[in-house]
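The residues making up each chain are set out below.
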There are 2 protein chains.
Amino acid sequence: MPLAELAACPVGDVFRRLGDKWSMLLVILLGTRPHRYNDLHRSIEGISQRMLTRTLRALEADGLVRRTVFPTVPPSVEYSLTPLGRSLLAPLSALADWAVEHEQDIAAARTATA
Amino acid sequence: MPLAELAACPVGDVFRRLGDKWSMLLVILLGTRPHRYNDLHRSIEGISQRMLTRTLRALEADGLVRRTVFPTVPPSVEYSLTPLGRSLLAPLSALADWAVEHEQDIAAARTATA
DNA sequence: CTGAATCCATCGGGATACTG
DNA sequence: CAGTATCCCGATGGATTCAG
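Read on for a plain summary of the structure.

The rules we used
- For every chain, the first residue of the written sequence is number 1, and numbering continues from 1 onward in sequence order.
- Naming scheme: in the order in which they are written, chains are lettered from A and ligands are numbered from 1.
- Where totals are concerned, whole chains, interfaces and linings use all residues; where local detail is concerned, this predicted model gives features only for residues with pLDDT of at least 70, and gives and counts side-chain atom pairs only at 80 or more.
- Derived side-chain values reflect all non-hydrogen atoms in the structure, with water molecules and hydrogen atoms excluded from consideration.
- Residues are counted as near a molecule or strand when any one of their heavy atoms sits within 4 Å of it.
- Identification of polar contacts relies on pairs of N or O atoms within 3.5 Å, with a donor-acceptor requirement for protein atoms, meaning one able to donate a hydrogen and the other able to accept it, and with residues adjacent in sequence counted only if both atoms are side-chain atoms.
- Elements are defined by DSSP. Helices are runs of H or I of four residues or more, strands are runs of E of two residues or more, and each kind is numbered from the N terminus.
- Three classes are used: nonpolar for Ala, Val, Leu, Ile, Met, Phe, Trp, Tyr, Cys and Pro, charged for Asp, Glu, Lys and Arg, and polar for all others, with Gly counted as polar.
- The rule for a salt bridge is simple: a side-chain nitrogen of Lys or Arg has to be within 4 Å of a carboxyl oxygen of Asp or Glu.
- Pairing between strands is defined by DSSP: at least two bridges between them are needed.
- Only heavy atoms enter the contact rule, under which two residues are in contact if any of them lie within 4.5 Å.
- Orientation is described by axes fitted as lines to C-alpha atoms, over the contacting stretch for helices, and by angles from 0 to 180 degrees between their N-to-C directions.
- Buried means the residue's accessible area, taken with a 1.4 Å probe over protein chains only, is under 20% of the maximum for its type, while exposed means over 50%, and partly exposed covers the values in between.

1. Some points on the protein's contact with DNA strand C
Near DNA strand C, the surroundings consist of 20 residues, among which A:Asn38, A:Arg67, A:Tyr79, B:Lys21 and B:Arg50 are the closest. For DNA strand C, the backbone portion of the atoms within 4 Å of the protein, that is sugar and phosphate, comes to 60%. Contact distances for DNA strand C include 3.4 Å between a base oxygen and a side-chain N or O atom of A:Arg50. Within the side chain of B:Lys21, a nitrogen or oxygen atom sits 2.8 Å from a phosphate oxygen of DNA strand C. Those elements that place two or more of their residues in the surface near DNA strand C are α4 (37-44), α5 (49-61) and β3 (76-81) of chain A together with α5 (49-61) of chain B. At four residues, α5(A) tops the list of elements feeding residues into the surface near DNA strand C. Partitioned by chemical class, the residues of the surface near DNA strand C number seven nonpolar, five polar and eight charged.

2. Quick word on the pattern of salt bridges
By the definition in use, this model includes eight salt bridges over all chains. The partner of A:Asp20 in a salt bridge is A:Arg17, with the nearest N and O atoms 3.3 Å apart. One salt bridge in this structure joins B:Asp62 and B:Arg17, with 2.7 Å as the shortest N-O distance. You can see B:Asp62 sitting in the loop between α5 and β2 (65-70) and its partner B:Arg17 sitting in helix α2 (residues 10-18), a full 45 residues away along the chain. One continuous salt-bridge network, built from bridges that share partners, spans A:Arg17, A:Asp20, A:Asp62 and B:Arg110.

3. Some remarks on the sheet that holds β3(A)
All names here are of chain A. The three strands are arranged β1-β3-β2 in an open sheet whose pairing can be described as antiparallel. At either margin of the open sheet sits one strand with a lone partner, and together these are β1 (35-36) and β2 (65-70). Where β1 lies against β3, two bridges are found, and the strand directions are antiparallel. What sits directly across from Arg36, in β3, is Glu78. On the sheet, α5 packs against β2 and β3 and is oriented at approximately 115° with respect to β2.

4. Looking at the pairing of β3(A)
Residue and element names in this part refer to chain A. With respect to burial, β3 is a largely interior element, five of its six residues being buried. Two strands pair when backbone bridges link them, and β2 and β3 are joined in this way by six bridges, in the antiparallel orientation. Residue pairing for β3: Arg66 is matched across the bridge by Ser80.

Set out below in structure tokens:
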């Protein structure tokens, strides 16, 4: 795999897209099961309504998340991963596993520097 | 793999750390071979001295990058990946491969939305 | 319940100039 | 060569309020 060539390419875009505060968290969470709006709002703990909506809309525009409205009373909206979004779960999990394996290494480096 | 539990954990930290504009680019670039300062500055095309230095320092504090100073005249500084940094290349490549495979999917979703 | 709208603080990040 | 020091701007993101 030509890493040097990949660097300038879409890899950076993907990281910038998912590198914001909540995107990757939402993808992982929606990877477990579909969620409703307030369901997500309660699950995430700390996200504002504004950022939840904005992040969901961005992921929807990227084709990673599907938004399904059920015309009930009161209205109910379900968010789920698209096939593209689900295909992202595998490489995302690889990085998640790395993070878990090495979190104390990073913490150690930080305290050593501090 | 317990995805739901991982979500709240260090995964977010990793993404935020590498999600800035240049970090992941530097890791991939340093994964190919060690580089000197101006070497990186020329290779990256668009990065300012300020951000190059700041990003390198941050990666160094995270224990991902090693900075080696050779006391020559004029001074020469080499940046390379630590073992921890190299261990990150594998999951990073997985995500890079995903980005390359699906870049047209994302582009298609974007134009469909726009 | 599912948002939209507005206001405002913080921060990332670029341009430029200067230094050992 | 390898940085540091300032200045400055736009984007990110939180709090709050309003609405269908």
